[in-house]
Amino acid sequence: MRLKNKVAVITGAGQGIGKVFASAFAAEGARIVIADVNSGAGEAAAKAVRDEGGEAIAVTTDVSDERSTRDMAAAAVDHFGTIDILVNNAAIFSTLSMKPFDAIPVEEWDRVFAVNTRGTFLACKAVAPIMRERGYGRIINISSSVVVTGRPNYAHYVASKGAVWAFTHALATELGEDGITVNAISPHGIITEIPRETISDEGWRRNLEEQAIKRKGEPADLVGAAIYLASDESRYMTGQTLSLDAGLRFT
Ligand SMILES: NC(=O)c1ccc[n+]([C@@H]2O[C@H](COP(=O)([O-])OP(=O)(O)OC[C@H]3O[C@@H](n4cnc5c(N)ncnc54)[C@H](O)[C@@H]3O)[C@@H](O)[C@H]2O)c1
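Residues numbered from 1 in each chain as written. Predicted model: local features only at pLDDT ≥ 70, side-chain atom pairs only at ≥ 80, totals over all residues. Heavy atoms only, no water.

### Focus on the packing of helix α1 (residues 16-27) against helix α8 (residues 220-230)
Contact pair α1 / α8: the axes reach a minimum separation of 10 Å and the direction vectors enclose 55°. Taken together, the axes of α1 and α8 lie oblique to each other. Both α1 and α8 take part in a crossing whose hand is right-handed. Between α1 and α8, the residues in contact are Ile17, Val20, Phe21, Ala24 and Phe25 and Ala220, Leu222, Val223, Ala226, Ile227 and Ala230, respectively. (Axes fitted to C-alpha atoms, helices over the stretch in contact; angles between N-to-C directions. Helix = DSSP H or I, 4+ residues; strand = E, 2+ residues; numbered from the N terminus. Parallel < 35°, antiparallel > 145°, perpendicular 65-115°, else oblique. Left-handed = near helix turned anticlockwise from the far one by under 90°. Contact = heavy atoms within 4.5 Å.)

In structure tokens, the structure reads:
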């Protein structure tokens, strides 16, 4: 029960990695706010946590919208009294189609940044005052190994996650005095229940060649690090990005 009575807001937790984090954090005693733009998925994920014996609510949230992130924070405080942990997991990711950089429409570039990068910023902006007031907080951003590998054909995604990595370092320097740590997790390829175009059989073959640990990653492989970063055990660590990448050759 390393997160006993902590309140954790997890964005984009209606499916995939975020959904697994929600269940795992609840099993460690946290009360969960699932903040996903997909209301149906968010509600179902919250119900799944409750069915497992945990406490969770879903708050429909578009992280790219400032008012929506403020409402998210207010709903969490209304329901659970405070916010101790924020996981910025929401992203445009599994819905992306691969294309050369010069085939990316400007609108698509902007939308990926609006959700992945601005969304991370806005959720932090909405939650930080609540954490500051109590002098305690844990912020966990989700970057990606593609920042270091520079994987081709989704340059907007790669760049948006590079910005998240850099933002993590910058924000840590501003929030340290307030007892708030800001760290990131950088996963390599992780299989979830959601099919996606960004990972082909050929892509996996290359991934496994480049990994020291020769198996495909799954969300459960990230849970230990996420709980560590969300707990008191990581209190002297901030501004760091943990690479959970099976020992990828580039990192
Ligand atoms: N799966 C991987 O291999 C992998 C690797 C590295 C990093 N990541 C990162 O991990 C995180 C989770 O990955 P995943 O595979 O579960 O992704 P996913 O695409 O399956 O899930 C993303 C979730 O974010 C939600 N979302 C999208 N736009 C939103 C918005 N505007 N506001 C709120 N919620 C929104 C979606 O509804 C969805 O529930 C993402 O940040 C992704 O970039 C994933």
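### Remarks on α1
Between its first and last C-alpha atoms α1 spans 17 Å; for 12 residues at 1.5 Å apiece the expected length is 16 Å, and the two agree. By the burial criterion, the buried members of α1 are Gly16, Ile17, Gly18, Phe21, Ala22, Ala24, Phe25 and Ala26. Among the structural elements, β1 (7-11), β2 (31-35), α2 (39-51), β4 (85-88), β5 (137-142) and α8 are those in contact with the buried residues of α1. Of the residues flanking the end of α1, it is Gly29, one or two places downstream, whose phi is positive at about 100°. (Expected span 1.5 Å × (residues − 1). Buried < 20%, exposed > 50% of the residue type's maximum accessible area, 1.4 Å probe, protein only.)

### Examining the sheet that holds β5
Reading across from one edge, β3-β2-β1-β4-β5-β6-β7 is the order of the seven strands in this open sheet, with parallel pairing throughout. Edge positions in the sheet fall to β3 (55-58) and β7 (241-244), since each of these pairs with one other strand and no more. Averaged over all neighbouring strand pairs, the angle between strand axes comes to 20°, with direction disregarded. In the sheet, β4 pairs with β5 via four bridges, with the strands oriented parallel. Along β5, the bridge assignment pairs Asn88 with Asn141. The strands touched by α2 within the sheet are β2 and β3, with β3 carrying the most contacts at an inclination of about 170°. (Pairing = 2+ DSSP bridges.)

### Some details on the side chain of Thr117
With respect to the helices, strands and loops of the structure, Thr117 is situated in helix α4 (residues 106-134). Look at Thr117 and you get buried, because its relative accessible area is 18%. The contact partners of Thr117, leaving out residues within four places of it in the chain, are Val112, Ser160, Ala163 and Val164.

### Quick notes on the packing of α4 against helix α6 (residues 155-175)
Taken N-terminus to C-terminus, the directions of α4 and α6 make an angle of 20°; their axes are 9 Å apart at the nearest point. By the angle between their axes, α4 is roughly parallel relative to α6. As for how α4 packs across α6, the hand of that crossing is right-handed. Seen from α4, the contacting residues are Glu108, Trp109, Val112, Phe113, Asn116, Thr117, Thr120, Phe121, Cys124 and Arg132; seen from α6, they are Ala155, His156, Tyr157, Ala159, Ser160, Lys161, Ala163, Val164, Phe167, Leu171, Glu174 and Leu175.

### Quick look at the pattern of salt bridges
Applying the stated rule across the entire model yields 13 salt bridges. Residue Glu108 pairs with Lys99 through a salt bridge whose shortest N-O separation is 2.9 Å. The partly exposed category is assigned to Glu108, whose relative accessible area is 23%. (Salt bridge = Lys/Arg side-chain N within 4 Å of Asp/Glu carboxyl O.)

### Quick look at the site of the ligand
Every one of the 29 residues lining the ligand counts as a neighbour, but Gln15, Asp36, Ser94, Tyr157 and Ile190 are closest to it. Asp62 has a polar side-chain atom sitting 2.9 Å from a nitrogen atom of the ligand. Residue Lys161 places a side-chain N or O atom 2.8 Å away from an oxygen atom belonging to the ligand. For the ligand, whose free accessible area comes to 840 Å², the fraction covered by protein is 94%. For the shell around the ligand, the elements supplying multiple residues, two or more each, are α1, α4 and α6. (Near = heavy atom within 4 Å. Polar contact = N/O pair within 3.5 Å; in protein donor to acceptor, adjacent residues only side chain to side chain. Areas by Shrake-Rupley, 256 points an atom, 1.4 Å probe, with all protein chains shown as cover.)

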